[in-house]
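# Report on the structure
Here's the letter readout for the chains.
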Amino acid sequence: MSDDLTADVVRHWREAAASGVLLDGFHALKHALRFGADVRLVLAADKDAVLALAAELAPDVAERLDALVRPVAASLLRELLPRTHPTGVAAIAARPERDANLAALARRPRRAPVVVLENPRNLGNVGAVVRLAAGMGATGVITTGDADPWHPNVLRAGAGLHYATAVERLDLGSLPDGPLFVLDPAGDDIRTTTLPDDALLAFGSERHGVSDELRGVATRLLALPMRAQVSSFNLATSVAMSLYHWSAGPGTRA
């Protein structure tokens, strides 16, 4: 690649990255394309290898990838990225409009719960929750606190599935309407209740649990069944158990 072409790629990448989000690796890019992301630029150290992955794992997006992927030197990819993914491909996509996500979260009646993460600290856990929420068909994931749910580390852990559900950061006073079920060890066994489709399912931070403020506005406190002397479940595990309990309730899940 000539110096002029390299400079053009770097300029285009940096312009796109200024307002977009990083899709790091093949699986994040694959899911983003499947769920309608506006992918602005795709770079790969080995385009043929990326297309081979698509042919094997995601033939539904292979044609679009062929048109989008721009081959570059591996050294340039390393220069542009904090770290390179083993699949050797990265992309920049537009972040969904916040107003559209907020409208999706607030729309009633909801057909599936909203997951609320109060002040999560581990970005990998947040990404795992987004992936779970997308897989279970949840309406969306809301975080409170300082952590950005669209941080590159969250997107990496979420495998690009932010585009399959509504992901936003809000304060507790701005949560959408709906019955608020807060997971807390002092609550009632979750197996004693049926979770409605329009529920908000709230989970505390990995270390400190839920705040008194969140407990104070809860419709009901619920606890997951857990063996005595086991202190806690991982955050993503707790969300998975709760969403499965919802999905196993009465009614048809789309």
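Below, the structure is looked at part by part. (Residues numbered from 1 in each chain as written. Predicted model: local features only at pLDDT ≥ 70, side-chain atom pairs only at ≥ 80, totals over all residues. Heavy atoms only, no water.)

### Things to note about the sheet that holds strand β3 (residues 69–71)
Selection rule: Here a strand pair is declared whenever DSSP counts at least two bridges between the two strands. Each helix corresponds to a stretch of at least 4 residues labelled H or I by DSSP, and each strand to a stretch of at least 2 residues labelled E; elements are numbered beginning at the N terminus. A fitted line through C-alpha atoms serves as each axis, taken over the contacting stretch for helices, and the angle formed by two N-to-C directions is quoted from 0 to 180°. Contacts are assigned to residue pairs with any non-hydrogen atoms lying within 4.5 Å of each other.
On the basis of which strands lie adjacent, the open sheet formed by four strands has the order β1-β4-β2-β3 and mixed pairing. What marks the edges here is a single partner per strand, and that holds for β1 (20–24) and β3. The mean angle between the axes of side-by-side strands here comes to 25 degrees, regardless of whether they run parallel or antiparallel. Here β1 runs beside strand β4 (residues 89–94); their pairing, made up of five bridges, is antiparallel. When the bridges of β4 are listed, L23 appears paired with A91. The strands that helix α2 (residues 26–34) touches are β1, β2 (39–44) and β4; relative to β1, the one it contacts most, it runs at about 125 degrees. In this fold helix α3 (residues 47–57) packs onto β2, β3 and β4, with an angle of close to 150 degrees to the strand it touches most, β3.

### Thoughts on α2
In plain terms, the rule: Using a 1.4 Å probe on the protein chains alone, a residue whose accessible area is under 20% of its type maximum counts as buried, one over 50% counts as exposed, and one in between counts as partly exposed.
The buried fraction of α2 is high, at seven of nine residues. Looking at the buried positions of α2, the neighbouring elements they touch are β1, β2, α3, α4 (62–68) and β4. The positive-phi residue at the C-terminal boundary of α2 is G36, with phi of around 85 degrees.

### Quick word on the nonpolar core
Heads up, the condition is: Buried Ala, Val, Leu, Ile, Met, Phe, Trp, Tyr and Cys residues form a nonpolar core when they are joined through side-chain atoms within 4.5 Å.
L23, L29, V39 and L117 are the most contacted members of the largest nonpolar core, which totals 50 residues. Those residues in contact with L117, other than ones at most four positions away along the chain, are V126, V129, V141, I142, T143, T144, F203, L235 and V239.

### As for the sheet that holds strand β5 (residues 114–117)
With parallel pairing, the six strands of this open sheet are ordered in space as β7-β6-β5-β9-β8-β10. At either margin of the open sheet sits one strand with a lone partner, and together these are β7 (166–169) and β10 (220–223). Strand after strand, the sheet turns through a mean of 30 degrees between neighbouring axes, direction not considered. Here β5 pairs with strand β6 (residues 140–143) via four bridges, running parallel.

### A look at the layout of surface pockets
If you roll a probe as big as a water molecule over the atoms, it shows you where there is empty space left. Heads up, the rule is: Points on a 1 Å grid over protein atoms alone make up a cavity when a 1.4 Å probe fits among them but cannot get out, and a pocket when they form an open set with protein on both sides within 12 Å along at least five of seven lines; lining residues each have an atom within 4 Å of a point. Grid points are joined across faces, edges and corners, and a volume is the space filled by probe spheres set on the points.
Computed from the structure, the largest pocket encloses a volume of approximately 520 Å³. Taken together, 22 residues make up the lining of the largest pocket; nearest its centre are L183, P185, S232, F233 and S238. Among the elements that line the lining of the largest pocket, the one with the most residues is strand β8 (residues 180–189), at three residues.

### Remarks on unusual backbone geometry
In the segment running from R108 into P109, the intervening peptide bond is cis, with an omega of -5 degrees. Residue placement: P109 occurs in the loop between α6 (98–106) and β5. The phi dihedral of N119 is positive, around 50 degrees, even though this residue is not glycine. Here N119 is to be found in the loop between β5 and α7 (123–136).

### A word on the side chain of T144
Stated formally: Under this definition, polar contacts are N or O atom pairs within 3.5 Å; protein pairs additionally need one hydrogen-donor-capable and one acceptor-capable atom, and for neighbouring residues in sequence, both atoms have to be side-chain atoms.
You can see T144 is positioned in the loop between β6 and α8 (152–157). Residue class for T144 comes out buried when judged on its relative accessible area of 6%. Among the polar contacts made by the side chain of T144, one reaches the main-chain amide nitrogen of N119 at a distance of 2.9 Å. With near-sequence residues (within four places) excluded, T144 lies in contact with L117, E118, N119, P120, L170, D171 and L172.

### Section: helix α10 (residues 235–247)
Put simply, the test is: Working rule for helices: expected span equals 1.5 Å times residues minus one. Each direction from the helix axis to a C-beta atom contributes to the arc, which is the arc of those directions.
Helix length check: α10, at 13 residues, gives a terminal C-alpha distance of 18 Å against a target of 18 Å (1.5 Å per residue), a fit within 8%. L235, A236, S238, V239, S242, L243 and W246 are the residues of α10 that are buried. Projection of α10 onto a plane perpendicular to its axis shows the buried side chains occupying an angular sector of 160 degrees, all on one side. N-capping of α10 is provided by N234, with a side-chain oxygen placed 2.8 Å from the backbone N of A236.

### Thoughts on the pattern of salt bridges
Where charged atoms from two side chains of opposite charge approach closely, those side chains can pair. Here is the rule: Any carboxyl oxygen of Asp or Glu within 4 Å of a side-chain nitrogen of Lys or Arg constitutes a salt bridge here.
The tally for this structure, following the rule as stated, stands at 15 salt bridges. Here the residues in one salt-bridge network are D8, R11, E15 and R70, joined through shared partners.

### Brief notes about the environment of D148
Mapped onto the elements, D148 comes out in the loop between β6 and α8. Sequence separation between D148 and P120 is 28 residues, and the spatial gap between their C-alpha atoms is 9.6 Å.

### Looking at the pairing of β5
Along β5, one buried face is formed by V114 and V116 and the opposite face, lined by V115 and L117, is buried too. Looking at chain direction, β5 and strand β9 (residues 200–203) are connected through four bridges and run parallel. The residue of β9 that forms the bridge with V116 is A202.

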